[in-house]
Amino acid sequence: MGFENEHIVMLPFMAQGHLIPFLALAKQIQQRTNFTITIASTPLNIQSLQSTMATSSNNNTIHLAELPFCSTDHGLPPNTETTENLPLKQVVNLFAASLSLEAPARRLISGIIETEGRPPLCVISDLFFGWANDVADSLGTVNVSFTTGGAYGTAAYISIWHNLPHRSTHEDFFTLPGFPEGCRFDISQLHPFLRAADGTDSWSRFFQPQISLSAKSFGWLCNTVEEIEPFGLDVLRNYVRLPVWSIGPLIPREALKNSSTLDVSVSRQRAGKKLSFPAEKCLEWLDSHGSDSVIYISFGSQNTISETQMKELAIGLEESGRAFIWVIRPPVGFDLKGEFRAEWLPQGFEERMNKSKQGLLVHNWAPQLEILSHKSTRVFVSHCGWNSVMESLSQGVPIVGWPLAAEQAYNSKMLVEEMGVSVELTRGAQSKIVGEEVKGVIDLVMDESGKGGEMRKSAAVIKEKIRASIRDDDEEKGSSVKAMDDFVAVLLSKRQESSKSSNSIVSN
Ligand SMILES: O=c1ccn([C@@H]2O[C@H](COP(=O)(O)OP(=O)(O)O[C@H]3O[C@H](CO)[C@@H](O)[C@H](O)[C@H]3O)[C@@H](O)[C@H]2O)c(=O)[nH]1
């Protein structure tokens, strides 16, 4: 049986922070093995992936398949198929709606079996799609869960959902099953939805069963690197008791070379996004600033901060006198797709920043990886979404954390305590923060002789470890390359075993 004819079906959750690494994973597996990959998602996500792939080469064996989905059937606004632009309180409806993909996914895989005469080698499903285990199992294949988060953050997040540890503490902190006793988590590191969770609310009703089902998968893939998260991987492996292959970073290889700035076409090949501001202009703006002088600020694809916080962040940035690029969206409580209003910022802020060239406000979406890889970028003020973390560290850029939701607070904790590459400015969209504190943290991280210099050195070490993990030459293979090879070999030997046993059943 020719292994080159193998087929893998991928089922990503509907969010940019998941679709981007899923597509990168598909490309990596495809380039390494020549397998056929089918990524299946809802129609609008498939359209967006299609436009992404139209700009990149070498994807002739990555197929896209639509799974029928109508957002209004699930109480979501019309044409809403991702978390982007969806207020956080409605994101839970999208999670619940994702359960409706089980039946079409099953039909899709059955169709593949009919055409190819055998089941796909495996299904790779999002960690949040535990239902894919049952689909794979009943159709004669295996499901592998892919966490688009890091090991530490994922371990903390799943343990919190399983155990709801805050329900049994009266303190401001809690310990977490799976983590050593001495590793304490603060109640403020729980998003208000999680703090209110008691097992009967709509978030718990989705996460608890889906994560438990994913813990029954054949194994897990994790978008991290063995050498940068030894502790997190230990905790995760002990907790799920499954093979966990760390195959990150899922970042275009062009961004991991030692040359300088990336070509702007990379962002078009990643998100299929229409950049609201020409990417070339961002890079020109960065070119006009000195090396290591610019602060980059972004809260990912789906989070935003409050109006008061936005004003204070603006005040702090202006008073710091430092150059910055800020990817800015309407604050919490406003239509995220709507026009940006100047009243959300201090009076005359954007004009002053444009005129003095101190700051560039990019509305909605920026070419993030290109900005991070530019020599002028010095530090990233980030919500600590895992893709942002990996992108920043792969460029040796230290982080100022402002975690907002999901597992971001645990990513931030790990960046501070385990890696020493970050300081946390504040957490949540409800915290009180004043401009002076923002300025204080900026001064701290820009100071090369103190904390800022230490963070930068640690980030440079992590960058080298990330780059070494993808080394793939005759002398040496990096850990992520070995993990990917091992993952594929294990699946193929499972396939051989099952075809041997079905042959022996036939001959008996
Ligand atoms: O203006 C922008 C904003 C984002 N991005 C890209 O979009 C992705 C954003 O991903 P991430 O940083 O992980 O943030 P989220 O979109 O918030 O990601 C979700 O998914 C992640 C992976 O599971 C989780 O770690 C986060 O908590 C969760 O919110 C990254 O690749 C960015 O480069 C851009 O290119 N331009």
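Since the structure is predicted, the reported quantities are computational estimates derived from the model, not experimental observations.

Caption draft 1: The arrangement of the domain arrangement of the protein in detail. Examined at the domain level, the protein breaks down into domain 1 (3-251 + 474-507) and domain 2 (269-467). Centre-to-centre, using C-alpha coordinates, domain 1 lies 28 Å away from domain 2. Taken together, the contact pairs 35 residues of domain 1 with 28 residues of domain 2. If you list the elements that add at least two residues to the side of domain 1 that touches domain 2, you get α1 (16-33), α2 (43-54), α6 (151-163) and α9 (230-240). Per-class residue counts for the side of domain 1 that touches domain 2 are 13 nonpolar, 20 polar and 2 charged.

Caption draft 2: Representation of α9 within the structure. Listing the buried residues of α9 in full gives G232, L233, V235, L236, Y239 and V240. Down the axis of α9, the smallest arc covering the buried residues is 160°, so these residues share one side. Projecting away from the buried face of α9 at angles above 90 degrees are the exposed residues P230 and N238. Buried-residue contacts for α9 involve α6, β8 (219-222), β9 (244-246) and α16 (408-419).

Caption draft 3: Focus on the nonpolar core. The biggest cluster of nonpolar side chains holds 145 residues, and the ones touching the most others in it are M10, C282 and I325. The element contributing the most residues to this core is α1, with 8 residues. If you count residues domain by domain, this core takes at least three from each of domain 1 (3-251 + 474-507) and domain 2 (269-467). Aside from chain neighbours lying at most four places away, what touches M10 is F22, A26, I37, T38, I39, A40 and I124.

Caption draft 4: Highlighting the packing of α6 against α9. Close contact between α6 and α9 brings their axes to 7 Å; oriented N to C, the two are set at 40°. By the angle class used here, α6 and α9 are oblique. The element α6 and its partner α9 pack so that their crossing is left-handed. Here A151, Y152, T154, A155 and S159 of α6 lie close against α9, whose contacting residues are F231, G232, L233, V235, L236 and Y239. Residues of the contact of α6 with α9, tallied by class, amount to 8 nonpolar, 3 polar and no charged.

Caption draft 5: Quick look at the site of the ligand. Taken together, 27 residues sit near the ligand, with G17, G300, G385, N387 and S388 positioned nearest. Broken down by secondary-structure element, the contributors of at least two residues to the shell around the ligand are α1, α10 (265-271), α14 (368-372) and α15 (386-394). Classifying every residue of the shell around the ligand gives 9 nonpolar, 16 polar and 2 charged. Taken domain by domain, the makeup of the shell around the ligand includes at least three residues from each of domain 1 (3-251 + 474-507) and domain 2 (269-467).

Caption draft 6: Here's a closer look at the sheet that holds strand β1 (residues 7-11). With parallel pairing, 7 strands are arranged side by side in an open sheet as β3-β2-β1-β4-β5-β8-β9. Across the chains shown, the open sheet's two edge strands, defined by having one partner strand only, are β3 (62-66) and β9. Between one strand and the next, the sheet's axes are offset by a mean angle of 25°, whatever the strand orientation. Of the pairings in the sheet, the one linking β1 to strand β4 (residues 122-126) comprises 4 bridges and is parallel in character.

Caption draft 7: Summary view of helix α18 (residues 451-469). When the terminal C-alpha atoms of α18 are compared, their 27 Å separation across 19 residues agrees well with the 27 Å that a helix rising 1.5 Å per residue should span. Along α18, the residues that are buried comprise M455, A459, I462, I466 and S469. For α18, the angular spread of buried residues about the axis comes to 70°, placing them on one side.

Caption draft 8: Structural view of the environment of R352. Relative to the assigned elements, R352 resides in helix α13 (residues 349-356). Between the alpha carbons of R352 and E318 there is a distance of 9.3 Å; along the sequence they are 34 residues apart.

Caption draft 9: Fine view of the sheet that holds strand β14 (residues 399-401). Sheet architecture is open: 6 strands sit in the order β12-β11-β10-β13-β14-β15, paired in parallel fashion. Lying at the two open borders of the sheet, with one neighbouring strand each, are β12 (359-363) and β15 (422-424). Shown here is a sheet whose adjacent strand axes are inclined to one another by a mean of 20°, direction ignored. Pairing geometry for strand β13 (residues 377-382) and β14, over 3 bridges, is parallel. Following the sheet pairing, V381 is matched in β14 by V400. Contacting β14 and β15, α16 crosses the sheet at an angle of about 125° to β15.

Cut-offs used in this document
- Residues numbered from 1 in each chain as written.
- Predicted model: local features only at pLDDT ≥ 70, side-chain atom pairs only at ≥ 80, totals over all residues.
- Domains from an automatic or database assignment.
- Contact = placed C-beta atoms within 7 Å.
- Helix = DSSP H or I, 4+ residues; strand = E, 2+ residues; numbered from the N terminus.
- Nonpolar A, V, L, I, M, F, W, Y, C, P; charged D, E, K, R; others polar.
- Buried ≥ 20, exposed ≤ 12 C-beta atoms within 10 Å, placed from the backbone.
- Arc of directions from axis to C-beta.
- Core = buried A, V, L, I, M, F, W, Y, C linked by C-beta atoms within 7 Å.
- Axes fitted to C-alpha atoms, helices over the stretch in contact; angles between N-to-C directions.
- Parallel < 35°, antiparallel > 145°, perpendicular 65-115°, else oblique.
- Left-handed = near helix turned anticlockwise from the far one by under 90°.
- Near = placed C-beta within 6 Å.
- Pairing = 2+ DSSP bridges.
- Expected span 1.5 Å × (residues − 1).

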